Amino acid sequence: MEDKKEEKKTLPVAPRVCDKCKSPVAITLAYGPHNYCEKHFTQFFENRFKKTIRKYNLFRAKEKIIIALSGGKDSCVLLHLMNKYYSKNNTLEALIIDEGVNGYREKAIKVAKENCESLKIRYTVISFKNEFGITNDKLMPLILNNPKLGGTCSFCGTLRRNIMNKYAKKFKADKLATGHNLDDEVQSFVMNVFNNDFERMKRMSATSGIIDHEGFVKRIKPLYETPEKEIIAYAAMKGINHYSQECCPYSWTAKRNEYREMLNHFENRFPGTEHSILRFYENIKPLIRPSKKETPALARALHECKTCGEPTERELCKACEMIEKIKIEQKGTKSTSKDKKHLDKYNKALTCSSTKGSCN
Ligand code: SF4
Ligand code: ZN
């Protein structure tokens, strides 16, 4: 018995080596499974990024691309990759949105600016305060007081998209690139299934929108097929400066976090689940997208928003409509100190790895 125990202890363990070069493994991707050293992982990661751009025909040479930059890992990695591979043949600029979240946003914006400066990429900062006359710090307590106004991140996301499209047009961009990754897309898909939101599901893609209209700048997602965990690993290996110390104090309320947790659980138990869900969506997409015959009629229904000039089917675009609702809500609400305490209580218990909003 004693001898057997001894034998077990001394059994040699095969060293894990890179699939490509037999160097020691730096990362194991369970869904392959793939074992990679640092050099071959970063090569694999960058090849997939370039392949996604080709596969979905995201942009062409000579086009001007605006990169929506939050200062977080996804958009900073995107900025570096775009600069590495496409700065010679394309014009790149960054758009940084200041949602007005005191004690958090200014730190992330500082990192976003530092990245642009180090890569010599022009950037512009646009604030909610200047565009809509209100900050997230003022908006969010009102939204939390009245659930009929919608979710915090979906409200903020609508305002962000309004700014992105408006300024991408103003800066004469051909495309607007965002840092949405595989996890974000799969979460959106599952959320749409659970909410029976077929209309929103139809619009999901590596390129946004279903209508070609001069009022819309196409949003593109070059990290569409890239898992979030790998973005974290790539940023660490390449030493890409990004902000991750704190998360937006309003992100804990996002329903998306529940889906994120559920899908992470499935991905850990059954590696490859998220890739499968995305492939499933890509398979059904041709069947559910509006046909080429239908889209001109949809485009004809659009006109300029009475307030901001963005394309809409109604009198006001969604962002301006929401701001109008907020103004009404503001008139009927007085104190927000109670809500602030409520937020602080939740934020103390959370880290950025457990919450994430819809911004990248
Ligand atoms: Fe807006 Fe949500 Fe992002 Fe905060 S986490 S900036 S509320 S989208
Ligand atoms: Zn508007």
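Definitions and limits used
- Residues numbered from 1 in each chain as written.
- Chains lettered and ligands numbered in written order.
- Predicted model: local features only at pLDDT ≥ 70, side-chain atom pairs only at ≥ 80, totals over all residues.
- Heavy atoms only, no water.
- Helix = DSSP H or I, 4+ residues; strand = E, 2+ residues; numbered from the N terminus.
- Contact = heavy atoms within 4.5 Å.
- Donors = N, O, S within 2.8 Å, 3.2 Å for Na, K, Ca; no water.
- Tetrahedral: all angles 85-135°; square planar, octahedral: opposite > 155°, others 65-115°.
- Core = buried A, V, L, I, M, F, W, Y, C linked by side-chain atoms within 4.5 Å.
- Buried < 20%, exposed > 50% of the residue type's maximum accessible area, 1.4 Å probe, protein only.
- Patch = residues over 30% accessible without salt bridge, like charges linked within 9 Å, V, L, I, M, F, W, Y side chains within 5 Å.
- Areas by Shrake-Rupley, 256 points an atom, 1.4 Å probe, with all protein chains shown as cover.
- Salt bridge = Lys/Arg side-chain N within 4 Å of Asp/Glu carboxyl O.
- Lys, Arg positive; Asp, Glu negative; His and termini not counted.
- Charge placed at Lys NZ, Arg CZ, Asp CG, Glu CD.
- Axes fitted to C-alpha atoms, helices over the stretch in contact; angles between N-to-C directions.
- Parallel < 35°, antiparallel > 145°, perpendicular 65-115°, else oblique.
- Left-handed = near helix turned anticlockwise from the far one by under 90°.
- Nonpolar A, V, L, I, M, F, W, Y, C, P; charged D, E, K, R; others polar.
- Pairing = 2+ DSSP bridges.
- Polar contact = N/O pair within 3.5 Å; in protein donor to acceptor, adjacent residues only side chain to side chain.

## Regarding the side chain of Thr152
Inference 1: On the secondary structure map, Thr152 appears in helix 7 (residues 152–170).
Inference 2: Not counting the four nearest positions on each side in its chain, Thr152 is found in contact with Met140, Ile143, Leu144, Tyr250, Thr253 and Ala254.

## Overview of the coordination of the zinc ion (ligand 2)
Inference 1: Looking at the zinc ion (ligand 2), one finds its protein donor set to be Cys305 (SG), Cys308 (SG), Cys317 (SG) and Cys320 (SG), positioned 2.2 to 2.3 Å from the metal centre.
Inference 2: Considering all 4 donor atoms around the zinc ion (ligand 2), angles at the metal cover 105 to 115 degrees and the coordination shape is tetrahedral.
Inference 3: Donor residues for the zinc ion (ligand 2), ordered by position in the chain, follow C-x2-C-x8-C-x2-C.

## A word on the nonpolar core
Inference 1: By size, the foremost hydrophobic cluster in this structure holds 53 residues, and its most contacted members are Phe41, Phe49, Phe59, Leu69, Val77, Leu79 and Met82.
Inference 2: Not counting chain neighbours up to four residues away, the residues in contact with Phe59 comprise Ile53, Ile65, Met82, Tyr86, Asn90, Lys175 and Ile220.
Inference 3: In this structure, Ile126, Phe128, Phe132 and Ala173 belong to the second largest nonpolar core, which totals 39 residues.

## Comments concerning a positive patch on the surface
Inference 1: Side chains of Arg161, Arg203, Lys318 and Lys325 sit close together on the surface and give a patch of like positive charge.
Inference 2: When you line up the elements, Lys318 lands in helix 14 (residues 318–332).

## Focus: the packing of helix 8 (residues 182–194) against helix 12 (residues 273–288)
Inference 1: Two elements in contact, helix 8 and helix 12, have axes whose closest approach is 9 Å; the angle formed by their N-to-C orientations is 60 degrees. It follows that helix 8 is oblique to helix 12 by the angle criterion. Regarding helix 8 and helix 12, the two cross each other, and that crossing is left-handed. Where helix 8 abuts helix 12, its residues Leu182, Asp183, Glu185, Val186, Phe189 and Val190 lie against Glu274, His275, Ile277, Leu278, Phe280, Tyr281 and Ile284.
Inference 2: A class-by-class count of the residues in the contact of helix 8 with helix 12 yields 9 nonpolar, 1 polar and 3 charged.

## Focus: the sheet that holds strand 3 (residues 64–68)
Inference 1: On the basis of which strands lie adjacent, the open sheet formed by 5 strands has the order 5-4-3-6-7 and parallel pairing. Each edge of the open sheet is held by one strand with a lone partner, namely strand 5 (122–127) and strand 7 (218–220). Averaged over all pairs of adjacent strands, the angle between strand axes in this sheet comes to 30 degrees, irrespective of strand direction.
Inference 2: The pairing of strand 4 (residues 91–98) with strand 5 spans 6 bridges and is parallel. Looking across to strand 5, one finds that Ala94 is bridged to Tyr123.
Inference 3: Here helix 3 (residues 73–86) sits on the sheet in contact with strand 3, strand 4 and strand 6 (175–177), set at roughly 160 degrees to strand 3.
Inference 4: Against the sheet, helix 4 (residues 105–119) contacts strand 4 and strand 5, and its axis sits at roughly 170 degrees relative to strand 4.

## Overview of the environment of Thr312
Inference 1: Positionally, Thr312 belongs in strand 9 (residues 311–312).
Inference 2: Looking at Thr312, the relative accessible area reads 7%, which means it is buried.
Inference 3: Leave out the neighbours within four places in its chain, and Thr312 touches Ala301, Leu302, His303, Glu304, Cys305 and Cys317.
Inference 4: Among the polar contacts made by the side chain of Thr312, one reaches the main-chain amide nitrogen of Arg314 at a distance of 3.0 Å.

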